[in-house]
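# Architecture at a glance
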Amino acid sequence: FDVTELCVGAAAPDPTPRLHDVAALGNVELTQRSVDQRGSIQAILEAAADHDLLAVGARPPERAHQLSFGRLQDALIHRARSNVLVVVSADDALPTAARRILVPLIGLEYSLAAADVAAHLALSWDAEVVLFHAVLADTAPLLSWHERDHARLWDAAHGVVEEAAFRARRLGVRVDRRVRAGRRAAPEIVRELEREAYDLVVVGCYEHGPRGRTYLGTT
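The structure reproduced in this document is the subject of the present report. (Residues numbered from 1 in each chain as written. Predicted model: local features only at pLDDT ≥ 70, side-chain atom pairs only at ≥ 80, totals over all residues. Heavy atoms only, no water.)

The next subject is the side chain of Glu128. Following the sequence through the fold, Glu128 ends up in strand 6 (residues 128-136). Relative accessible area serves as the criterion here: at 17%, Glu128 is assigned to the buried category. A distance of 3.3 Å separates polar atoms of two side chains, one belonging to Glu128 and the other to Arg100. Apart from residues lying up to four places away in sequence, Glu128 is in contact with Arg99, Arg100, Ile101, Arg174 and Asp176. (Helix = DSSP H or I, 4+ residues; strand = E, 2+ residues; numbered from the N terminus. Buried < 20%, exposed > 50% of the residue type's maximum accessible area, 1.4 Å probe, protein only. Polar contact = N/O pair within 3.5 Å; in protein donor to acceptor, adjacent residues only side chain to side chain. Contact = heavy atoms within 4.5 Å.)

Set out below in structure tokens:
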């Protein structure tokens, strides 16, 4: 696919693209554009109107009552008509290579889309993708589940992981599949991150939050 590098607040695009690795690809066309710093949100939205994906970076949100990636990023998340890819990193750049990428999954399409993004990243880095699904137990202990419900949920979780694995393996990506049971998804994901070394987490979401308030889900 083709890529547009949009420079905000620059008088003219840098003659040396920041996306120099993209520019070196023979089957990708890289276009450079610049917009004025004033009214940058509207300018970015207008520039993104004829694109399928808008990618923007952000610092990790501070622990506060309301989730925010920044004024610019929040506005783009809520107002862009295209899909939005938000890359959150404490550093100014992602690592130049990754060994293992964790993808938490549920059975919805946006979750599988996140797995597709992770697979393409893994392809460029020669990394392993770990597809992770947390089967949510009821408030009662796991052993008190009805056997039929337990098997149904377990089979559904494995089906979701297998679908994502099939899509990744078509690219030649190394895949590991993991399904675990727990009361809530988030603690299980955190435990998995603590269990082994991961360089990147890729997660999808659908809800942006009501009335301009950024909300990406409890997990």
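For the structure on display, the rule yields 1 aromatic pair. Measuring from centroid to centroid gives 6.5 Å for Tyr110 and Tyr206, while their planes differ by 20 degrees, and the two rings are stacked. A residue pair is termed long-range when its members are at least 10 positions apart, and Tyr110 in helix 4 (residues 109-125) and Tyr206 in the segment after strand 8 (200-201) qualify at 96 residues. Above the face of the Tyr198 ring, Arg100 is positioned so that its terminal group lies 5.7 Å from the ring centre. (Phe/Tyr/Trp six-rings, centres within 6.5 Å; stacked < 30°, edge-to-face > 60°. Lys NZ or Arg CZ within 6 Å of the ring centre and 35° of its normal.)

For Asp126, which is not a glycine, the phi torsion comes out positive at approximately 55 degrees. Along the chain, Asp126 falls in the loop between helix 4 and strand 6.

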